[in-house]
Amino acid sequence: MSTGVIIALIVIVAAVVAVAAVLALRGRGARGGGSLKRRFGPEYDRAVARHDGDTKAAERELGALVERHGGLQERPLEPAERERFEARWTAVQERFVDSPQEAVAEAEQLLSELAGARGFPDGGRYEEQVAALSVHHGHHVHGYRRVHSVVRGRAGSEQDGRTPGTEELRETLVEARDLFEALMGPVRRDSGRHRATDDHHSKARAGGRGHLPSFQRHQTGQG
């Protein structure tokens, strides 16, 4: 076999290997992007928008968040803790009837403390806490971000000269409830002696939602 033929074969083999490597990398990137989109949900779209549609930049950011917070293990709530948080959320919903702004502020504080109790960064480091929550509760963390914005006064800016109305606050609290329920997680039924407590929690949860379903019905009626 002549030297020219050997060189040509080497070039062809190298080209085939290069093409295969590129296709493999593209496939891996597509799978990684799909995985991030499933994990982060609305947070994925929010990151893409923040990077002006640059999905690769958004995925680098989200991938870094997974590396930083993906190993976090959520701490189970003790029965007494669960009961206290359930009671406080019920009080928030009841207070909304007379004091919507104050109720939303209490909801923000409650979510902050509940996230801390579950093992997320302390609420005093809001941005870091939200980042960690987005990794584990990406489909619900926007509710926390929304109540934070309302409480910090960013919902009604000087530019548009408005403050959030009751209906907007109602919607905000409904979204916040989604994260609250996700953080509370399922009630453990690991022993007979906890069964009575679990039944109590189920009733408390049903009663605690007494106002918010009416919020949702009201929204539907307006739509």
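This section reports on the structure supplied with the text. Predicted, not measured: the structure shown is a model, and the values here were computed from it.

### Focus on the side chain of Gln93
(1) Moving on: You can see Gln93 is positioned in helix α4 (residues 79–96).
(2) Moving on: Taking the relative accessible area as the measure of exposure, Gln93 reaches 1% and is therefore buried.
(3) Moving on: Only 3.0 Å separates the side chain of Gln93 from the side chain of Trp89, close enough to count as a polar contact.

### So, the packing of helix α6 (residues 126–136) against helix α7 (residues 142–151)
(1) Moving on: At their nearest, the axes of α6 and α7 sit 10 Å apart, and the two run at 155° to each other. Classified by the interaxial angle, the pair formed by α6 and α7 is roughly antiparallel. For the pair formed by α6 and α7, the contact residues are Tyr126, Gln129, Val130 and Leu133 on the first element and Tyr144, Arg145 and His148 on the second.
(2) Moving on: For the contact of α6 with α7, a count of residues per class yields 4 nonpolar, 2 polar and 1 charged.

### Some thoughts on the environment of Leu133
(1) Moving on: Along the chain, Leu133 turns up in helix α6.
(2) Moving on: On the basis of relative accessible area, Leu133 is assigned to the buried category, the value being 0%.

### With respect to unusual backbone geometry
(1) Moving on: Phi at Asp52 is positive, roughly 55°, even though this residue is not glycine.
(2) Moving on: Tracing the backbone through its elements, the reader meets Asp52 in the loop between α2 (42–50) and α3 (55–69).
(3) Moving on: Asp52 gets classed as exposed once you look at its relative accessible area, which sits at 74%.

### Here we look at the packing of aromatic side chains
(1) Moving on: Taken as a whole and judged by the stated rule, the model has 2 aromatic pairs.
(2) Moving on: The interplanar angle of 15° and the centroid separation of 4.7 Å between the aromatic rings of Trp89 and Phe180 together place this pair among those described as stacked. With Trp89 in helix α4 and Phe180 in helix α8 (residues 166–184), this pair connects stretches of sequence that are 91 residues apart.
(3) Moving on: What makes Trp89 buried here is its relative accessible area of 3%.
(4) Moving on: Residues Tyr126 and Tyr144 carry aromatic rings whose centres are separated by 5.5 Å and whose planes lie at 75° to one another, so their mutual orientation is edge-to-face. Highlighted residues: Tyr126 in helix α6 and Tyr144 in helix α7, separated in sequence by 18 residues.
(5) Moving on: The class of Tyr126 is buried, set by a relative accessible area of 13%.
(6) Moving on: On the accessibility criterion, Tyr144 (1% relative accessible area) is buried.

### Observations regarding the packing of α7 against α8
(1) Moving on: Running from amino to carboxyl end, α7 crosses α8 at an angle of 140°, the nearest separation of the two axes being 7 Å. In this view, α7 runs oblique relative to α8, as classed from their interaxial angle. Our pair here, α7 against α8, has a crossing hand that is left-handed. The residues of α8 that touch α7, namely those facing His142, Gly143, Tyr144, Arg146, Val147 and Val150, are Glu168, Leu169, Glu171, Thr172, Glu175, Ala176 and Leu179.
(2) Moving on: Of the residues that constitute the contact of α7 with α8, the class distribution is 6 nonpolar, 3 polar and 4 charged.

What counts, and at which threshold
- Residues numbered from 1 in each chain as written.
- Predicted model: local features only at pLDDT ≥ 70, side-chain atom pairs only at ≥ 80, totals over all residues.
- Heavy atoms only, no water.
- Helix = DSSP H or I, 4+ residues; strand = E, 2+ residues; numbered from the N terminus.
- Buried < 20%, exposed > 50% of the residue type's maximum accessible area, 1.4 Å probe, protein only.
- Polar contact = N/O pair within 3.5 Å; in protein donor to acceptor, adjacent residues only side chain to side chain.
- Axes fitted to C-alpha atoms, helices over the stretch in contact; angles between N-to-C directions.
- Parallel < 35°, antiparallel > 145°, perpendicular 65-115°, else oblique.
- Contact = heavy atoms within 4.5 Å.
- Nonpolar A, V, L, I, M, F, W, Y, C, P; charged D, E, K, R; others polar.
- Phe/Tyr/Trp six-rings, centres within 6.5 Å; stacked < 30°, edge-to-face > 60°.
- Left-handed = near helix turned anticlockwise from the far one by under 90°.

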